[in-house]
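Residues per chain are reported as follows:
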Amino acid sequence: MSEKKNSLEHIAIIMDGNGRWAQKRNLPRAAGHKKGAEVVKEIAQEANKRGIKFLTLYAFSTENWNRPKDEVDTLMGLLRQYLKSDFSELQKNNIRIRVIGERNMLDKDIVAQIAKLENDTEQNTGMVLCLAISYGGRHEIVNAAKKIAALVKKGDMSESDVDIKLFSDMLYTQDMPDPDLLIRTSGEQRISNFLLWQVAYAELFFSSTLWPDFTAQELDEIIENFGSRERRYGKV
Ligand code: IPE
Ligand code: IPE
Ligand code: MG
């Protein structure tokens, strides 16, 4: 048997369990979100250290807009704070920031801050830290279909040009490889509208750890587990 480990370029994580983490400590849900935000940079540094090229983190879904207003406000406040926080450590490590999702649903100042961060780190050649904010996989796919329809209607493209590669290029994740590994924390075993198209052949890993308790060490263990999996892609 071959000893060769699977190559791992792209990890995607559904960071779930902030609310339950707080509840267990009799704290408001906001405290869980705050702690959860702190874990993000630690995990990004670890993934970068491990030579991962893309790390995509699900921070806020299109469905999360349906939470009570005070929780949405808390999350947007934390996001604002996070986007304005000190990124010098990430810069030093050559990390590039990228954001995917429905930007038109976000406040203008947040959109501007995202554009600034993307711009400031554009020249970095290290790991891409891709934040999924106001992101929904179905929205992304519908938007791609609309873009294609418009191009065909304009006569810039014909129906026969549409294939898997072209469709992929119309998604927010254009020019990113598909995730090799999808991790979800908190024990829930579902996709919750995350990267629906892109996870077609991702290896799934469900951890019972609540996101605020997730550590670099656990990430290493999951990477180790991934290495020993057999990826068949429908072949024998
Ligand atoms: C994940 O934690 C963060 C977001 C979805 C924004 P949750 O807020 O979903 O925490 P639980 O699932 O209620 O514990
Ligand atoms: C998914 O978690 C979204 C994020 C982690 C950002 P949710 O907590 O919103 O998902 P459901 O509602 O349990 O499916
Ligand atoms: Mg949740």
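Residues numbered from 1 in each chain as written. Chains lettered and ligands numbered in written order. Predicted model: local features only at pLDDT ≥ 70, side-chain atom pairs only at ≥ 80, totals over all residues. Heavy atoms only, no water.

**Q** Go over the environment of Leu-166, please, and point to the residues and values.
**A** Position of Leu-166 relative to the elements: it lies in helix 7 (residues 164–169). Overall, Leu-166 belongs to the buried group, its relative accessible area being 17%. When the C-alpha atoms of Leu-166 and Ile-148 are compared, they prove to be 9.0 Å apart, with 18 residues separating the residues in sequence. Filtering out sequence-adjacent residues up to four positions away, Leu-166 remains in contact with Ile-148, Met-157 and Asp-161. (Helix = DSSP H or I, 4+ residues; strand = E, 2+ residues; numbered from the N terminus. Buried < 20%, exposed > 50% of the residue type's maximum accessible area, 1.4 Å probe, protein only. Contact = heavy atoms within 4.5 Å.)

**Q** Explain the site of ligand 1 to me, using residue names and the numbers behind them.
**A** Taken together, 13 residues lie near ligand 1, and Asp-16, Gly-19, Arg-20, Arg-29 and Arg-67 sit nearest. In the model, an oxygen atom of ligand 1 is placed 2.8 Å from a nitrogen or oxygen of the Asp-16 side chain. Coverage of ligand 1 by the protein amounts to 86% of the 380 Å² it exposes when considered alone. At a threshold of 2 Å from the grid points, most atoms of ligand 1 map onto the largest pocket. (Near = heavy atom within 4 Å. Polar contact = N/O pair within 3.5 Å; in protein donor to acceptor, adjacent residues only side chain to side chain. Areas by Shrake-Rupley, 256 points an atom, 1.4 Å probe, with all protein chains shown as cover. 1 Å grid on protein atoms, 1.4 Å probe; cavity = no way out; pocket = protein on both sides within 12 Å on 5 of 7 lines; lining within 4 Å. Sits in = over half its atoms within 2 Å of the grid points.)

**Q** Lay out the site of ligand 2 in plain terms, naming residues and giving numbers.
**A** Around ligand 2, the neighbouring residues are Ile-14, Met-15, Asp-16, Tyr-58, Ala-59, Phe-60, Asn-64, Arg-67, Arg-184, Arg-190 and Ser-192. One of the side-chain nitrogen or oxygen atoms of Asp-16 is found 3.2 Å away from an oxygen atom of ligand 2. The side chain of Asn-64 places a nitrogen or oxygen atom 2.9 Å from an oxygen atom of ligand 2. With respect to the pocket detection grid, ligand 2 is positioned in the largest pocket. Examining the composition of the shell around ligand 2, we find that three residues originate from one element, strand 2 (residues 54–61), more than from any other. Of the residues contributing to the shell around ligand 2, the split by class is five nonpolar, two polar and four charged. (Nonpolar A, V, L, I, M, F, W, Y, C, P; charged D, E, K, R; others polar.)

**Q** Describe the layout of surface pockets, naming the residues involved and giving the relevant values.
**A** Estimates place the volume of the largest pocket at around 750 Å³. At the level of secondary structure, the elements contributing two or more residues to the lining of the largest pocket comprise helix 1 (18–24), helix 2 (29–49), strand 2, helix 3 (69–84) and strand 4 (128–135). (Points joined across faces, edges and corners; volume = space filled by probe spheres on them.)

**Q** Pulling in residues and values, what's your account of the sheet that holds strand 3 (residues 96–100)?
**A** Strand order in the open sheet made by the six strands is 3-4-2-1-5-6, with parallel pairing throughout. At either end of the open sheet lies a strand with only one pairing partner, and these are strand 3 and strand 6 (203–206). The sheet shows a mean angle of 20° between the axes of neighbouring strands, taken without regard to direction. Pairing of strand 5 (residues 181–184) with strand 6, which is carried by four bridges, proceeds in the parallel orientation. Note that in strand 6 the partner of Leu-182 across the bridge is Leu-204. The strands touched by helix 8 (residues 216–227) within the sheet are strand 1 (10–14), strand 5 and strand 6, with strand 5 carrying the most contacts at an inclination of about 140°. (Pairing = 2+ DSSP bridges. Axes fitted to C-alpha atoms, helices over the stretch in contact; angles between N-to-C directions.)

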